[in-house]
Amino acid sequence: STSQIHNILIPTTAPQDRRPLIISGPSGAGKGTLIQKLIDTHPHTFELTVSHTTRQPRPGEKDGISYHFVSVETYNTLKHNGDLIEDAMYTGAFYGTSKAALAEILDKGLIPILDIEMTGVQQVKTSGFDARYVFVKPRDLGVLEERLRGRGTESERDIRARLDRARRELEFAETAGVFQRIIVNDDLGRAYAELEGFVFGLG
Ligand code: 5GP
């Protein structure tokens, strides 16, 4: 249902489709901003799964909130114990979603959002995980490069690795047929409206 305030239709209820949302897309495509906006606009509806990673925290990232920052040893233990529903290597670090991170959100009755890269997407898809799959991409790779550089959080070597990865991710999104929606993030407001419309089944 919607409530009409000043002739603007605002979704007031939770999405009818309660399946977890997998939101993928190259680093620098603006996924994080879109996801945060979705969470903030609809309180008590969505929650981002907190992944485990072996990469170093960036300035401002907090352990247990942005990620669980762990050693390779701890990561391998989780993996070998079967505690991860998917895991990937991305520009020199491991990333994985734990069963516990997912269960914590489901137990609260909220809709989990997984921000994961393509090999993780392939794993959850192949495992038959019932979810909705969205891909967020930049208008072109030049824009992506600018954003990655502008962010100033990665080394030159890491930026190049991420751009190389981005090329493969864009190709995967176009050819694998995994994603129900591919959103071009050329304009934040427009891209957000498209994401919200998809999530709430309005468009
Ligand atoms: P970043 O280092 O920029 O935080 O993340 C790098 C990439 O790893 C992003 O594409 C992000 O979506 C992905 N990622 C983050 N957490 C996970 C995870 O748990 N599993 C997988 N497969 N990818 C992840």
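Residues numbered from 1 in each chain as written. Predicted model: local features only at pLDDT ≥ 70, side-chain atom pairs only at ≥ 80, totals over all residues. Heavy atoms only, no water.

Peer 1: It is not clear to me how the environment of glycine 30 should be interpreted in this structure. Could you clarify?
Peer 2: The residue glycine 30 is located in the loop between strand E3 (21-24) and helix H1 (31-41) in this model. In sequence terms glycine 30 and valine 136 are 106 residues apart; their C-alpha atoms lie 7.6 Å from each other. The residues contacting glycine 30, other than those within four sequence positions of it, are Arg147 and Asn185. (Helix = DSSP H or I, 4+ residues; strand = E, 2+ residues; numbered from the N terminus. Contact = heavy atoms within 4.5 Å.)

Peer 1: What is the right way to read the site of the ligand from this model?
Peer 2: What surrounds the ligand is a group of 17 residues, the closest being Ser51, Arg55, Tyr67, Tyr95 and Asp115. The contact in question runs from an oxygen atom of the ligand to an N or O atom on the side chain of serine 51, over 2.6 Å. Those elements giving two or more residues to the shell around the ligand turn out to be strand E7 (84-90) and strand E8 (93-98). Here the residues of the shell around the ligand sort into five nonpolar, five polar and seven charged. (Near = heavy atom within 4 Å. Polar contact = N/O pair within 3.5 Å; in protein donor to acceptor, adjacent residues only side chain to side chain. Nonpolar A, V, L, I, M, F, W, Y, C, P; charged D, E, K, R; others polar.)

Peer 1: It is not clear to me how the packing of aromatic side chains should be interpreted in this structure. Could you clarify?
Peer 2: For the structure shown, the criterion picks out seven aromatic pairs. Both rings, one in phenylalanine 46 and one in phenylalanine 200, keep their centres 6.2 Å apart while their planes meet at 85°; by these two values the pair is edge-to-face. Residue phenylalanine 46 is found in strand E4 (residues 46-48), and its partner phenylalanine 200 is found in the segment after helix H7 (188-199); the two are separated by 154 residues along the sequence. In this structure phenylalanine 46 comes out as buried when scored by relative accessible area, which is 4%. (Phe/Tyr/Trp six-rings, centres within 6.5 Å; stacked < 30°, edge-to-face > 60°. Buried < 20%, exposed > 50% of the residue type's maximum accessible area, 1.4 Å probe, protein only.)

All quantities given are derived from atomic positions and should not be read as evidence of function.
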